[in-house]
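Structural characterization, general
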Amino acid sequence: MSPGRLGNQRGIALILALLMSFAIMAMVTGVLYVVSQSTQLSTAGKGYATAEEAADGAINVMKDAVNLTLWGEPVADVLPDVNCVDSAGNDLGYKLDTAILNQNSECTTTMNLGSTVLGGNFSAMVTIERLFSKALPGGRLEFARSAGGLSSTAIFFRISATVTGPNRTRAENSALYRFAG
């Protein structure tokens with residue numbers, strides 16, 4: 001090899017090592033970014049799933065309140081004394097049992113679901129609306145006649161829950177509930 005040729009290649013190893021180092025650092029930075037973003041998405045997904053479960057639970061609590069009220073049992077075991085409000089938050093002047101017992105009535109109430117088990121304080125705004133009632137035939141097994149031989153009555157309710165939690169977590173759920181008695 002001639003000395004002139006070696007003199008031209010003296011800095012190429014340093015430049016290649018620097019380029020390789022920058023490429024490796026860029027890949028490591030990319031991997032760390034993806035890992036941090038996936039952790040944030042996982043946390044957000046867990047918060048949403050918790051809010052969704054809380055909305056389902058709030059609807060089930062309201063179903064239990066309907067059952068207890070229509071069976072003549074006290075609702076205080078499931079819910080405290082609930083004042084019904086309209087969508088603007090104005091007190092309607094009646095309680096939950098009145099909304100359950102009267103046709104075409106609606107009740108909105110707020111349940112606080114603060115718990116360390118849920119991972120923070122969640123608040124559920126639950127609306128129950130009694131839609132209509134209908135006499136059911138008594139000849140089939142699923143609509144069997146009540147004890148006195150009278151036809152059963154089905155009462156239909158719409159129950160909606162909107163749950164908000166930490167970090168602006170929000171979930172909504174609604175159900176159509178049929179009470180047959």
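Structural data are supplied above this passage.
Notes on the structure in this doc start here. Since this is a predicted model, take the numbers as computed values, not measurements.

On to the pairing of strand β4 (residues 123-135), then. In the sheet, strand β3 (residues 106-112) pairs with β4 via 7 bridges, with the strands oriented antiparallel. What sits directly across from T110, in β4, is M125. Where β4 and strand β5 (residues 153-164) come together, 12 bridges link them in antiparallel fashion. If you follow F132 over to β5, its bridge partner there is F156.

So, about the environment of A99. Of note, A99 is situated in helix α3 (residues 96-101). For A99, a relative accessible area of 2% gives the class buried. Residues contacting A99, with those up to four places away along its chain left out, are C84, Y94, S105, E106, C107 and R130.

With 31 residues, the main nonpolar core has M62, L79, L96, V126, I128 and F157 as its most contacted residues. Within the residue set of this core, elements represented by two or more residues are α2 (12-70), α3, β3, β4, β5 and β6 (170-180). Residues contacting F157, with those up to four places away along its chain left out, are V66, L70, I100, I128, E129, R130, L131, A175, L176, Y177 and F179.

Any two side chains of opposite charge can pair, on the condition that their charged atoms come close. On inspection of all chains with the given rule, the structure shows 2 salt bridges. Among the ionic pairs, R158 bridges to E129, the shortest N-O distance being 3.5 Å. Placement of R158 in strand β5 and of E129 in strand β4 is noted, with a sequence separation of 29 residues between them. Residue classification places R158 among the partly exposed residues on the basis of a relative accessible area of 40%. Under the relative-accessibility criterion, E129 is labelled partly exposed at 22%. Between R170 and E172 there is a salt bridge, with the nearest N and O atoms lying 2.8 Å from each other. Classification of R170 as partly exposed rests on a relative accessible area of 47%. On the basis of relative accessibility, which here comes to 51%, the residue E172 falls in the exposed class.

Criteria and cut-off values
Residues numbered from 1 in each chain as written. Predicted model: local features only at pLDDT ≥ 70, side-chain atom pairs only at ≥ 80, totals over all residues. Heavy atoms only, no water. Pairing = 2+ DSSP bridges. Helix = DSSP H or I, 4+ residues; strand = E, 2+ residues; numbered from the N terminus. Buried < 20%, exposed > 50% of the residue type's maximum accessible area, 1.4 Å probe, protein only. Contact = heavy atoms within 4.5 Å. Core = buried A, V, L, I, M, F, W, Y, C linked by side-chain atoms within 4.5 Å. Salt bridge = Lys/Arg side-chain N within 4 Å of Asp/Glu carboxyl O.

Treat this as a map of the structure, not an account of what it does.
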